Amino acid sequence: QVQLVESGGGLVQPGGSLRLSCAASGSIFSINDMGWYRQAPGKERELVATITNGGSTNYADSVKGRFTISRANAKNTVYLQMNSLKPEDTAVYYCNAAVRDSMRLRLQYDYWGQGTQVTVSS
């Protein structure tokens, strides 16, 4: 089994910054794409940013230029640097990873973190 543990959420003022981290652990054979999603109350979950194993990135238009996704493959960790935060960024942020699980025939499965709350408010 694979676990994703998120950290770094909290309360920040508009214009401020936060850095989210997500570390994967467990029966990992390899990790392919990783990403961040978010869900605000009453809204559907939406993609924020993704990063491939090779480092190619993709961002939602609403965060492009403000957020940066990165990964440290040796630590099985993905990060989301969030700058110039806006109230509309308030949501629960979820980490996602496409993992080949050594205990599940090395097949690829999507795993999700428990979510971390980000609140942008003055």
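Just above, that's the structure.
We now turn to the structure provided with this report. Everything quoted here is computed from the prediction, not taken from an experiment. (Residues numbered from 1 in each chain as written. Predicted model: local features only at pLDDT ≥ 70, side-chain atom pairs only at ≥ 80, totals over all residues. Heavy atoms only, no water.)

## Some points on the nonpolar core
So, step 1. Core analysis: the biggest nonpolar cluster contains 31 residues, and Trp 36, Leu 80, Met 82 and Tyr 93 have the highest contact counts within it.
So, step 2. Breaking this core down by element, the ones donating at least two residues are strand 1 (2-7), strand 3 (18-26), strand 4 (28-39), strand 5 (46-51), strand 7 (67-72), strand 8 (77-82), strand 9 (91-101) and strand 11 (116-120).
So, step 3. With near-sequence residues (within four places) excluded, Tyr 93 lies in contact with Glu 6, Leu 20, Trp 36, Tyr 37, Arg 38, Val 48, Phe 67, Leu 80, Met 82, Gly 115, Thr 116 and Val 118. (Core = buried A, V, L, I, M, F, W, Y, C linked by side-chain atoms within 4.5 Å. Buried < 20%, exposed > 50% of the residue type's maximum accessible area, 1.4 Å probe, protein only. Helix = DSSP H or I, 4+ residues; strand = E, 2+ residues; numbered from the N terminus. Contact = heavy atoms within 4.5 Å.)

## Some points on the pairing of strand 8
So, step 1. Within strand 8, five of the six residues are buried, which leaves the element mostly enclosed by the surrounding structure.
So, step 2. Relative to strand 8, strand 3 is paired through six bridges, and the arrangement is antiparallel. Its bridge partner being in strand 8, Cys 22 is matched across the sheet by Val 78.
So, step 3. Summarising the sheet, strand 7 and strand 8 pair through six bridges and their orientation is antiparallel. Bridge pairing in strand 8 links Thr 68 to Gln 81.
So, step 4. The turn joining strand 7 and strand 8, which pair antiparallel and follow one another in sequence, is formed by four residues; a positive phi near 50 degrees is taken by Asn 76. (Pairing = 2+ DSSP bridges.)

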